[in-house]
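Commentary on secondary and tertiary structure
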Amino acid sequence: MNQADIDRIRNLEVRIREIAEDMGLLTTDIMFEIVPAQRVLEGMSYNFPTNFSHWSFGRDYERNRTIYEHTGHGIPYEQVWNFEAPKAFLVETNPLALNVLILAHVYGHVDFFLANRYCQQGRSFGDIADEARNAADRFQEYTDRYGLDEVESIIDAAMAIQWHQDLDPFAEEVPEEEMREYLMEIERAKLERPDTIRGEFKKPQTKEEAQAVEKRLQELMFKTPPQPEYDLLRYIKANSPKPLRPMGADILSVLRNQARALSPNGRTKLLNEGWATYVHVHIMRQLFKEGLLTAEEHGVFNRFHSSVLRENKKSLNWYRVGFGLYEYVREQWDRGRFGREFDECEDPHKKAYWDTGANLGREKIFEIRASCSDRMAVELYFRDEFIHEQALYIYQEQVDERTGEMIDVIVENRPEVIRAILKRSLTLYGTPTIYVKDGNYKDNRELYLVHQRDPQLVSTLELNPQYERGTLEKIFFLWGRTVHLETGEIVEHKEGELTKVDRVVDSYDGKDHRSMKI
Amino acid sequence: MPITVPEPVAERGKKDARRHRDKQREAIRKKLPEIISEESIITRKKGKTVKIPIRSLDIPRFRPGSRKKQDGDGGEGGDGAGGTGIGQGSGSPGDVIGRRPGKGQSQGPEAGSEPGQDYIESEIDLEELVAMMLEDLGLPNLEKKEIAELEVIFGFKIRGIQKSGPKILLDPQRSSKIPFGRFFAFLEILQDETDRDELTCFSALKQVDGNLSEALEILADPNFCASDTEVEPFGIYHEQDLRYHKIREDVRHESNAVIIAMMDVSGSMTTMKKYLARSLLFWLVEFLRTIYSRVEIRFIIHHFNARLVPEEEFFHTVESGGTRCASAYELANSLIDTEYPTDRWNVYAFHFSDGEDWDANESMREAKKFFEKGINMFGYGEIHVDEYYRPQSTLIPAFTSNFPITEWAAPIEGGTMKMYSGKDDFPFLGVVIENKSGLWPALKEFLKKDRWS
């Protein structure tokens, strides 16, 4: 990129910010860096502009680079981080029109970061970029002192359970003793305050019930954790019987914080990408209208824009579906196609032409981008009609009996099933829900984990056993004592019926894996 | 200025990518016993690079998947096959949207013991693979000096000069250097001493055959005049002037090896049996190539009669008829005598059969000649797979009763396999291979370090 291009793009950036503000978007100073492709590939492989060394990042980097070098594709058009001062990369070899598209797109993301309640939460880790850079230095010191294998095995283990976080992203971190106190207080209140309305209402009616409360109190006194703990790294770091040493504790903290800072992006990927696409379309249209870009550049823009929105046969294109959702909702709310009256209308003709001229579309989509996670958006706005419009389906990997080849077959396109599966997979990268039930199991400080199931969703009933064994080994490495996981095993699965499941406990004691039905 | 062009930073990814590759290598190493029996390597086209689909390593995480074993999956437990995904486009339930080779059709072995999700087809040098095997077998980088080098005498070599020796080794050029120098010196002395001209002095010196004092005497006679028309220099030789070539025997250290592969191709040797023989041979050859500068392989097939064949034919010929192993041994022996004498070649003979032999005693008589010639090793592989009935082995009892051989059992996965080793340094090794998993221990035994020093 030559100096003239850089000057031009700087001027365009000023105008883009103005247009964004006119649109009603929130803006702030964004650090744009013009960098070689390799820098972007590293950024996408390492999660942060600079992060600690790890073979898994190297693996991703090599894969991304190979794809890029062989096809020229696979490089993300834009890369932006939700930091205190948001930072974004522009690839120096991109055509100018593409870099302008990226500027516009990034302004969409930044508005989303500033407005969306989940991403606001992510911004509370404002210095996470600095932390990652400092961690890189510290981890290097550890490596020099203790050796690569030592450091790596802790990172490997922490990565294995990095994404198991509090189910409620807004949950405050309460120390275990405080939580115990709080829970005991609630139980005690049941016994001690019969005169208040709440006490009256909750008061144990019989002697047996009162005894049960006493018993719960007794248990609470010594139980660890006092209530199910979903944040596995936090629990292990605070309670592991194995001395983790300052190095281990540090590595666990870094990995946990990185996941927590990144997870809001994971919870809002669809809405965020869709929103940025929606914004870049609007801004680019305005720039062309103002004659700030040439006709030739219009062609370049069109080419990249349509490739961004291409439909994927075997994965969800966030940009396309997210963008489609905002367009869909905008139109529906502009025509007043919502609310009880609309929902209950049974006249198909009337419903098809329903238009109250409500003109609430713009307001609605701004609200969605501020308050929703992907999961909520699916629940609230993925109407049957929208799912059909987007032609979504579920496919399954099967073996072709005739040829022995692996084939992908469409198995499902019912909207209710797609909604259920989407909701599940949009919660933190599809991480199964697992919590610590007992950190002093068998009174021997063994760790007892429970895999929580949703009886409606077959995909939550079982775990891939190979990965499960591997993960248990990693947890054992951190805990140092036998680790148990209560999970399920499907006995019988019939279409349309509730799946029969056995509960099993899989254990790893440092040497052998055992499995027991309960 | 919100848009900046930062200073370039060093590429970090490469170092970590290398670490990942190292870990993959480690995973391959663990899977070597499976990889060596892989058909795609053994039957590969010429050229040294082997493609092995290597699973990229992955951090294990709890993830949804089926607990049940997939049929025909090799029994690693459910591996998430049958996984589902969400997609977008035209199509309704039942439509196929993607197709790729299935597990049974995989193009090569899969390395990697950690759970993996996708494959990066990685290329690995066959040499590197062999080096890994050697390391695994406890044969770290065999130095050239450790192997049996042969002294080959090619005749003589001139190495310098000396002052005495037989006439035939006289070096005329070097020997005449001083005599000619002497001639000119004498000529000069005579001229100085007598004040006569050069030609006269020359004639005098020539007349007395280079004797300086006699020449002076002649020149003392004032009537002496030159009888020659020009000065023709000649050497004036003294005994100590003579130089002789110094010679040494020309001994070269050669490390040539020949593998004489013999195989029974009678009807009972099925494709699978030949395949196992071929695998074993393949790795033995690759191994020998790493330690010898030159390796040749000759193939002999036999049923009742034996003949030399090209490699292709060796593995694909099926012939009917009785089995007479002696015919192959006999042919191998004459091949050694005529083309690969053991004083010039390291000779390794391998014979693969299913144990049947029409006249084992005759075979032993021929086999004995191998050992008398001092070949490096005679390997015998008896292969029993895919058999409806197991033929009575006549060869093994014959070997054990004729030669100093110990029978023992090596532990393998799910049992043991029989091995027969020569006592002390007797260069015999026999193995009985009953399935693919016997390949690795057999190879291990063949490649034991002390066999090569």
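Described below are features of the structure shown in this document. It should be emphasised that the depicted structure is a prediction, and the values quoted were computed from it without experimental measurement. (Residues numbered from 1 in each chain as written. Chains lettered and ligands numbered in written order. Predicted model: local features only at pLDDT ≥ 70, side-chain atom pairs only at ≥ 80, totals over all residues.)

**Some points on the pairing of strand β13 (residues 405-412) of chain B**
All names here are of chain B. Our working definition: Exposed residues have 12 or fewer other C-beta atoms within 10 Å of their own C-beta, buried residues have 20 or more, and residues in between are partly exposed; the C-beta atoms are placed from the backbone. Under the scheme used here, helices are H or I runs from DSSP no shorter than 4 residues and strands are E runs no shorter than 2 residues, and both carry numbers assigned from the N terminus. Two strands form a pair only when DSSP identifies at least two bridges running between them.
A small share of β13 lies buried, amounting to zero of its eight residues. Sheet topology note: the β13/strand β14 (residues 415-422) ladder contains eight bridges and is antiparallel. Looking across to β14, one finds that Ile 405 is bridged to Gly 422. Taken together, β13 and the strand that follows it, β14, pair antiparallel across an intervening segment of two residues, in which Gly 414 is found at a positive phi of about 70 degrees.

**Let's talk about the sheet that holds strand β7 (residues 446-451) of chain A**
Residue and element names in this part refer to chain A. The condition that has to hold: Throughout, an axis means a line fitted to C-alpha atoms (over the contacting stretch in the case of helices), and angles, computed between N-to-C directions, take values from 0 to 180 degrees. Each residue is represented by a C-beta atom placed from its backbone, and any two residues with such atoms within 7 Å are regarded as in contact.
Read across the open sheet, the five strands follow the order β6-β7-β8-β9-β10; overall the sheet is mixed. The open sheet terminates on both sides in strands that have one partner only, identified here as β6 (434-441) and β10 (513-517). Across the sheet, the mean angle from the axis of one strand to that of its neighbour is 30 degrees, orientation sign disregarded. Where β6 lies against β7, five bridges are found, and the strand directions are antiparallel. Across the sheet, residue Ile 434 finds its bridge partner in β7, namely His 451. With respect to the sheet, helix α22 (residues 465-479) is in contact with β7, β8 (483-492), β9 (500-508) and β10, its orientation differing from that of β8 by roughly 165 degrees.

**Remarks on unusual backbone geometry**
With an omega of -10 degrees, the peptide bond running from Thr 224 of chain A to Pro 225 of chain A counts as cis. Assignment of secondary structure puts Pro 225 of chain A in the loop between α10 (207-222) and α11 (232-239). Here the phi dihedral of Asn 47 of chain A falls at roughly 70 degrees; this positive angle occurs in a residue that is not glycine. By the C-beta count within 10 Å, which is 17 here, Asn 47 of chain A ends up partly exposed. The phi dihedral of Asp 195 of chain B falls on the positive side, at around 65 degrees, and the residue is not glycine. You can see Asp 195 of chain B is positioned in the loop between α5 (172-194) and α6 (198-207).

**Quick notes on the interface of chain B and chain A**
Much of the literature gives interface size as the accessible area that the parts lose upon coming together. Rule in force here: Gly falls in the polar group here, along with every residue not listed as nonpolar (Ala, Val, Leu, Ile, Met, Phe, Trp, Tyr, Cys, Pro) or charged (Asp, Glu, Lys, Arg).
Taken together, the contact pairs 59 residues of chain B with 72 residues of chain A. Those elements that place two or more of their residues in the side of chain B that touches chain A are β1 (3-4), α1 (13-30), β3 (84-88) and β4 (96-100) of chain B. Element by element, the count of residues in the side of chain B that touches chain A is highest for α1 of chain B, at eight residues. Per-class residue counts for the side of chain B that touches chain A are 19 nonpolar, 24 polar and 16 charged. Alignment of strand β5 (residues 406-412) of chain A against β4 of chain B, held across four bridges, turns out to be antiparallel. Across the sheet, the residue bridging to Asp 408 of chain A is Gly 98 of chain B, located in β4 of chain B.

**Things to note about the packing of helix α6 (residues 128-146) of chain A against helix α12 (residues 245-267) of chain A**
Axis angle and axis distance: for two packed helices, these are the angle between their axes and the distance between the axes, and together they describe the pair. Residues and elements named next belong to chain A. The following threshold applies: Comment on the angle field: the value is read as roughly parallel under 35 degrees, roughly antiparallel over 145, roughly perpendicular from 65 to 115, and oblique elsewhere. Two helices cross in a left-handed way if the nearer one is turned anticlockwise from the farther one by less than a right angle. They cross in a right-handed way if the turn is clockwise.
Two numbers describe how α6 lies on α12: the axes approach to 11 Å, and their chain directions differ by 150 degrees. Classified by the angle between their axes, α6 and α12 sit roughly antiparallel to one another. The hand of the α6/α12 crossing is left-handed. In this structure, α6 uses Ile 128, Glu 131, Ala 132, Ala 135, Arg 138, Tyr 142 and Tyr 146 to contact α12, whose residues at the interface are Met 247, Asp 250, Val 254, Asn 257, Gln 258 and Ala 261. Of the residues that constitute the contact of α6 with α12, the class distribution is eight nonpolar, two polar and three charged.

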